[in-house]
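Chain residues, written in single-letter form:
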Amino acid sequence: MKYFSVIWSSLKRKKTRSILTILSILVAFILYGYLSAIRLGFDAGVEVSGVDRLVMQHKVSLIQFLPESYEARIEQVQGVDSAVHGTWFGGIYQKPMNFFSQFPVKVEEYLDMYPEYVISDEHKKAWLETRNGAIAGRTIAERFGWKVGDRIPIQATIWTRKDGNPTWEFNLVGIYDGVDKSTDTTQFFFRYDYFQEARSFGSGNVGWYWIRVDNPDNAAEIAKEVDQLFANSPAETKTQPEAAFMQGFAKQIGDIGFIMTAILGAVFFTILLVAGNSMAQAVRERIQEIAVLKALGFTHTAVLAMVLAESLLLACLGGFAGLAIAWTMITTMGDPTNGSLPVFFLPVKDVVIGVLLAVLTGLAAGILPAIRAQKLQIADGLRR
Amino acid sequence: MADANGNLVEVTGVDKVFHRGSEDIHVLGGLCLKIPEGEFLALMGPSGSGKSTLLNLLAGLDRPTEGSVTISGERIDQLSERRLAGWRARHVGLVFQFYNLMPTLNAARNVELPLLLTHLSRTERKKHVEVALSVVGLNHRHGHYPRQLSGGEQQRVGIARAIVTDPTLLLCDEPTGDLDRKSSDEILDLLQALNQDQGKTIIMVTHDNDAAKRASRIVHMNKGKLTTDAAA
Ligand SMILES: Nc1ncnc2c1ncn2[C@@H]1O[C@H](COP(=O)(O)OP(=O)(O)OP(=O)(O)O)[C@@H](O)[C@H]1O
Ligand SMILES: [Mg+2]
């Protein structure tokens, strides 16, 4: 560590250049932080999906319905713990911009299927007692400033009402929290029996089924088995693990992961050039000093290490600061889309990857200049 | 540590050939030189005669093409790169014409640089730096950066850096080449004192007759060979 001040002083030599380089690395890492959080938002369903849950949909597409009656038959299959259906409601709250997902569900069965949604007994009781009752996730409730007891009007886009009223009015009886921050708390659930009774068409039809199996190891077999059950029926099915289902769902929006990786690739390529150029210049203008260090008795390897350390310091200063800023901004300011993403946080995993990226950037940017410094012959360096 | 005849440095049959493209440049040819311990030697000669080249060989900064360089009984031309670096750190103090201080380090930290290669603790290093700076009379400027010092002062810092490890040999390549008369004299006084009071063996390349007169012996070089060898 006694060499630290020597290395540090090298960075101070061309202050402006060092600061600009550090800033560009810093900005790149803030971007990295945000893109990681956004990607997580899109992948959230995939990452948090239960390994013991399957999703069964219509074989042709998700927008084709399945009969409500399948539930009992699925539950008879050996190894199936329970099955519960869901349906896409797709309504609009005030304006289309305010997107969030809404599902009619069977209260107890659904909450049992999704233990990651945490709701107080009191709220649950109120929901069971209120026919047009609904619950909302904490994020979405905060986004729109909803409180328990509020009336939430939602415009139908698919599911028109028997009574011709274009608006479904729900009574907010509860707010659920996530068991941890990776849980989606941007959803809105209301009672299936109310939905079933009031909808103008499609009675007895649902969108899909969630199926929980006793043992995740048998999930693939059971998926095959339930699909077999409905083969050659008017509504054939396709059953897959929840993670795969969510992935397919996310892919409909576009391959977010690929887009993010492509952007980040371009950004890191650029900062690698910036930092690499900065280090190359730093070594070029210090040839004589490096020769002097060697003349004083510093070995070739020591000089190599010092240049690499300088490059690492540059990259880590910018990188760690960028990650810290991104983390702080993401944590305190929250989702820039104001709640359109189901979850929004910077996961520890991506912070660790960010740290590694900063180190790698430092090493990659410094390696060629460091080798140049290492190879420098003392007599040549001193003659300049 | 000198050999049986009191010689600290023994250069025998040294050739130095540089290759520039396909061209061979013979800079030193069959050069022999013995320097007893405690001597203050001035090395003179026209530009391009090979003075710096010879000094580099003595400092272990470069290797002879032929012949041997023995210092304190050690064949330094045969040491590995790594061992040679360690040897330089312990045995050689270098003083350059243009001081070659690190512009981003203050005087004290410049002087401390060679001590970073030792096992000394932080406080011990500080003490050594203080001693070296007071020898050159610059203790009060320890926090100043090279650009805040005059040429003569910078060279004194350079000398402090060269002596801070208490080296066997002090090698100076035109240490006054960039200084005015007055500063030169101060530097030469300093070198002379180091030689006479502390018994340092000094080899100094110079173009300046007055400077050379301070030495105990003057050696003249021409075209890579020693021409005269006279006591000053
Ligand atoms: N690394 C090298 N490659 C090629 N030629 C070199 C190299 N080092 C020295 N020379 C040549 O060797 C000769 C002697 O150089 P050297 O620097 O030893 O001279 P000098 O006596 O110190 O001269 P000056 O008084 O100008 O410093 C010169 O012709 C120089 O061009
Ligand atoms: Mg010279």
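In the block above lies the structure referred to throughout.
*Asks:* Just checking my understanding: could you explain the overall build of chain B for this structure?
*Replies:* Regarding its fold elements, chain B presents seven helices and 10 strands. Compactness check: chain B gives a C-alpha radius of gyration of 17 Å against a globular reference of 17 Å for 232 residues, within 12% of the reference. Dimensions of chain B, computed from the C-alpha atoms along their principal axes, are close to 45 × 40 × 40 Å. Counting across all 232 residues of chain B, residues that qualify as buried make up 54%. Put simply, of all contacts in chain B between residues at least 6 apart along the chain, 67% involve residues at least 24 apart. Total accessible area on chain B stands at roughly 10,300 Å², and carbon and sulfur atoms take up 48% of it. Seen as two clouds, the 27 positive and the 28 negative side-chain charges of chain B have centres 5 Å apart.

*Asks:* So what exactly am I meant to see when it comes to the overall build of chain A here?
*Replies:* Broken down by element type, chain A carries 14 helices and 12 strands. Taking 21 Å as the expected radius of gyration for a compact globule of 384 residues, we find that chain A reaches 29 Å, considerably beyond that expectation. With the principal axes as the frame, chain A shows a C-alpha extent of 95 × 45 × 30 Å. Expressed as a percentage of the 384 residues in chain A, the buried residues total 51%. Relative to all contacts within chain A whose residues are 6 or more apart in sequence, the contacts with residues 24 or more apart total 81%. Total accessible area on chain A is roughly 17,800 Å²; 60% of this is exposed by carbon and sulfur atoms. Within chain A, one finds 36 positive and 37 negative side-chain charges whose respective centroids are separated by 16 Å.

*Asks:* Got a minute to help me understand unusual backbone geometry in this structure?
*Replies:* A negative phi holds for most residues other than glycine; trans holds for most peptide bonds. Unusually for a residue other than glycine, N232 of chain A sits at a positive phi of about 65°. With respect to the element layout, N232 of chain A can be found in the loop between α8 (219-229) and β12 (237-241). With a phi angle near 45°, K223 of chain B is a residue other than glycine that sits in the positive phi range. With respect to the element layout, K223 of chain B can be found in the loop between β9 (217-222) and β10 (225-231). Judged by relative accessible area, K223 of chain B falls into the exposed class, the value being 72%.

*Asks:* Explain the sheet that holds strand β1 (residues 7-20) of chain B here, please?
*Replies:* Sheet strands pair by backbone hydrogen bonding; their relative direction is either parallel or antiparallel. Spatially, four strands are ordered β2-β1-β4-β5 (chain B) in an open sheet, and the strand pairing comes out antiparallel. The outermost strands of the open sheet, each flanked by one partner alone, are β2 (23-36) and β5 (74-75) of chain B.

*Asks:* I keep staring at a nonpolar patch on the surface and nothing clicks. Help me out?
*Replies:* Together, F65, W88, F99, I158 and F201 of chain A make up an exposed nonpolar region whose accessible area comes to about 420 Å². For I158 of chain A, a relative accessible area of 37% translates into the label partly exposed.

*Asks:* Mind showing me how you'd approach α8 of chain A here?
*Replies:* Residues and elements named next belong to chain A. For α8, the set of buried residues is A219, I222, A223, V226 and D227. The arc enclosing the buried residues of α8, seen along the axis, measures out at 135°, which places them on a common side. Exposed residues pointing more than 90 degrees away from the buried face of α8 are listed as A220, E221, K224 and Q228. In this structure, the buried side of α8 is in contact with β1 (53-58), α3 (70-75), β3 (80-86), β11 (208-213) and β12.

*Asks:* Would you mind going over the site of ligand 1 with me for this structure?
*Replies:* Close contacts around ligand 1 come from 16 residues, with R383 of chain A together with S47, K51, S52 and T53 of chain B the closest. In this structure, ligand 1 is bordered by residues of chains A and B. One nitrogen or oxygen atom from the side chain of E174 of chain B is found 3.4 Å from an oxygen atom belonging to ligand 1. Mapped by element, the contributors of at least two residues to the shell around ligand 1 are β1, β2 and α1 (51-59) of chain B. Element by element, the count of residues in the shell around ligand 1 is highest for α1 of chain B, at three residues. Of the residues contributing to the shell around ligand 1, the split by class is four nonpolar, seven polar and five charged.

*Asks:* Just checking my understanding: could you explain the interface of chain A and chain B for this structure?
*Replies:* You'll often see interface size given as the accessible area lost when the parts meet. At the junction of the two partners, chain A supplies 23 residues and chain B supplies 24 residues. When the two sides are added together, the surface that chain A and chain B hide from each other amounts to roughly 2,100 Å², 63% of it contributed by carbon and sulfur. Broken down residue by residue, the surface that chain A buries against chain B is led by K2, V292 and L296 of chain A, which jointly contribute 26%. Across the chain A-chain B interface, the total number found is zero salt bridges. Where chain A meets chain B, there are eight residue pairs in polar contact (both at pLDDT 80 or more). Put simply, the parts of the chain that give the side of chain A that touches chain B at least two residues each are α1 (4-13), α11 (287-296), α12 (300-333) and α14 (378-382) of chain A. Per element, the largest residue contribution to the side of chain A that touches chain B is seven residues, and it comes from α11 of chain A.

*Asks:* Honestly, the packing of aromatic side chains in this entry has me stumped. Any pointers?
*Replies:* Two aromatic rings are characterised by how far apart their centres lie and by the angle between their planes. All names here are of chain A. Per the counting criterion, the structure on display carries 46 aromatic pairs over all chains. Their ring planes at 50° and their centres at 6.1 Å tell us that Y192 and F195 sit as a pair that is tilted. Residue Y192 and its partner F195 are both found in helix α7 (residues 192-198); the two are separated by three residues, about one turn of the helix. The exposure class of F195 is buried, given its relative accessible area of 0%. Sitting over the face of the ring of W168, R161 holds its NZ or CZ atom 4.9 Å from the ring centroid. The ring of W159 has R199 sitting right over it, with the charged end atom 5.2 Å from the ring centre.

*Asks:* Would you mind going over the environment of T16 of chain A with me for this structure?
*Replies:* By secondary structure assignment, the location of T16 of chain A is in helix α2 (residues 15-48). Overall, the relative accessible area of 57% leaves T16 of chain A in the exposed class.

*Asks:* Just checking my understanding: could you explain the sheet that holds β3 of chain A for this structure?
*Replies:* Residues and elements named next belong to chain A. Reading across the sheet, the four strands line up as β3-β11-β1-β12 and stay open at both edges, with antiparallel pairing between neighbours. The strands lining the two open edges of the sheet, one partner per strand, are β3 and β12. Across this sheet, the average inter-strand angle for adjacent strands is 25°, counted without regard to direction. Across six bridges, β3 lies against β11 in antiparallel orientation. In the sheet register, H85 faces β11, and the bridge partner there is Y209. Taken strand by strand, α8 contacts β1, β3, β11 and β12, and its axis lies near 170° from that of β12.

*Asks:* For this particular structure, what's the right way to read the pairing of strand β9 (residues 188-191) of chain A?
*Replies:* Looking at chain direction, strand β4 (residues 102-105) of chain A and β9 of chain A are connected through four bridges and run parallel. What sits directly across from F103 of chain A, in β9 of chain A, is F189 of chain A.

So, how was this worked out
- Residues numbered from 1 in each chain as written.
- Chains lettered and ligands numbered in written order.
- Predicted model: local features only at pLDDT ≥ 70, side-chain atom pairs only at ≥ 80, totals over all residues.
- Heavy atoms only, no water.
- Helix = DSSP H or I, 4+ residues; strand = E, 2+ residues; numbered from the N terminus.
- Rg over C-alpha atoms; globule rule 2.2 N^0.38 Å.
- Buried < 20%, exposed > 50% of the residue type's maximum accessible area, 1.4 Å probe, protein only.
- Contact = heavy atoms within 4.5 Å.
- Areas by Shrake-Rupley, 256 points an atom, 1.4 Å probe, with all protein chains shown as cover.
- Lys, Arg positive; Asp, Glu negative; His and termini not counted.
- Charge placed at Lys NZ, Arg CZ, Asp CG, Glu CD.
- Pairing = 2+ DSSP bridges.
- Patch = residues over 30% accessible without salt bridge, like charges linked within 9 Å, V, L, I, M, F, W, Y side chains within 5 Å.
- Salt bridge = Lys/Arg side-chain N within 4 Å of Asp/Glu carboxyl O.
- Arc of directions from axis to C-beta.
- Near = heavy atom within 4 Å.
- Polar contact = N/O pair within 3.5 Å; in protein donor to acceptor, adjacent residues only side chain to side chain.
- Nonpolar A, V, L, I, M, F, W, Y, C, P; charged D, E, K, R; others polar.
- Buried area = accessible area lost by both parts, 1.4 Å probe.
- Phe/Tyr/Trp six-rings, centres within 6.5 Å; stacked < 30°, edge-to-face > 60°.
- Lys NZ or Arg CZ within 6 Å of the ring centre and 35° of its normal.
- Axes fitted to C-alpha atoms, helices over the stretch in contact; angles between N-to-C directions.

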